[in-house]
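In case you want the letters, here they are:
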Amino acid sequence: MGRIVVGVDGSDSSIKALHWAVRQAELTGATVEAVNSWEYPATSWASMMPGMPEDFDPQALATVSLNEALEEALGAAGAAAVSKVVVIGNPAQALLDRAQGADLLVVGARGHTGFKATLLGSVSLHVTQHAPCPVTVVRD
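Predicted model only: the values in this text are computed from it and were never measured. (Residues numbered from 1 in each chain as written. Predicted model: local features only at pLDDT ≥ 70, side-chain atom pairs only at ≥ 80, totals over all residues. Heavy atoms only, no water.)

A.B. asks: Can you explain the layout of surface pockets? Please cite residues and give values.
C.D. replies: Gaps left between atoms are located by rolling a probe of water-molecule size over the structure's atoms. If you add up the space inside the largest pocket, you get close to 410 Å³. Along the wall of the largest pocket there are 20 residues; nearest its centre are Asp9, Ser11, Ser14, Pro91 and Val123. If you list the elements that add at least two residues to the lining of the largest pocket, you get helix H1 (12–28), strand E2 (31–38), helix H4 (91–98), strand E4 (104–108) and helix H5 (122–130). By residue class, the composition of the lining of the largest pocket is eight nonpolar, 10 polar and two charged. (1 Å grid on protein atoms, 1.4 Å probe; cavity = no way out; pocket = protein on both sides within 12 Å on 5 of 7 lines; lining within 4 Å. Points joined across faces, edges and corners; volume = space filled by probe spheres on them. Helix = DSSP H or I, 4+ residues; strand = E, 2+ residues; numbered from the N terminus. Nonpolar A, V, L, I, M, F, W, Y, C, P; charged D, E, K, R; others polar.)

Shown next, in the form of structure tokens:
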């Protein structure tokens, strides 16, 4: 059995990528690992601005966000079958790190209109150029 890594940030594009990854896993017998990452906002972190609540836990918020996106997209049983990973860091780098040893990395493309529709988003562009495994970019 192989492993398919998919980036899920809750956007429509990432949900389409999730559905594609789950279907591919059904066809190949692979497992699916959904990855979400988060970073501290640069301005808040750099200046150590006061005002952030003491109980602010971005890791917990990202975990809840991932779980909710999976359950909404796949239902409770489908979401339970997916491995969930939440990490701190740049989204592209987090996906590249998790893709080590994977059979496939799946990401969504940003949903732009007009001329921009021919361009990939920054994360999908970065992972297609640097991934240690094959990459599928799911477009509309």
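A.B. asks: Break down the pattern of salt bridges for me, citing the residues and quoting the values.
C.D. replies: Per the stated rule, a full pass over the model turns up three salt bridges. Of the charged contacts in the structure, one is a salt bridge between glutamate 26 and arginine 23, with a shortest N-O distance of 3.4 Å. Of this pair, glutamate 26 and arginine 23 are both found in helix H1, three residues apart, which corresponds to roughly one turn of the helix. Across the salt bridge formed by glutamate 33 and arginine 98, the nearest N and O atoms sit 2.8 Å from each other. Remark: arginine 98 occurs in helix H4 and glutamate 33 occurs in strand E2; sequence separation between them is 65 residues. For glutamate 33, a relative accessible area of 5% translates into the label buried. The partly exposed category is assigned to arginine 98, whose relative accessible area is 31%. (Salt bridge = Lys/Arg side-chain N within 4 Å of Asp/Glu carboxyl O. Buried < 20%, exposed > 50% of the residue type's maximum accessible area, 1.4 Å probe, protein only.)

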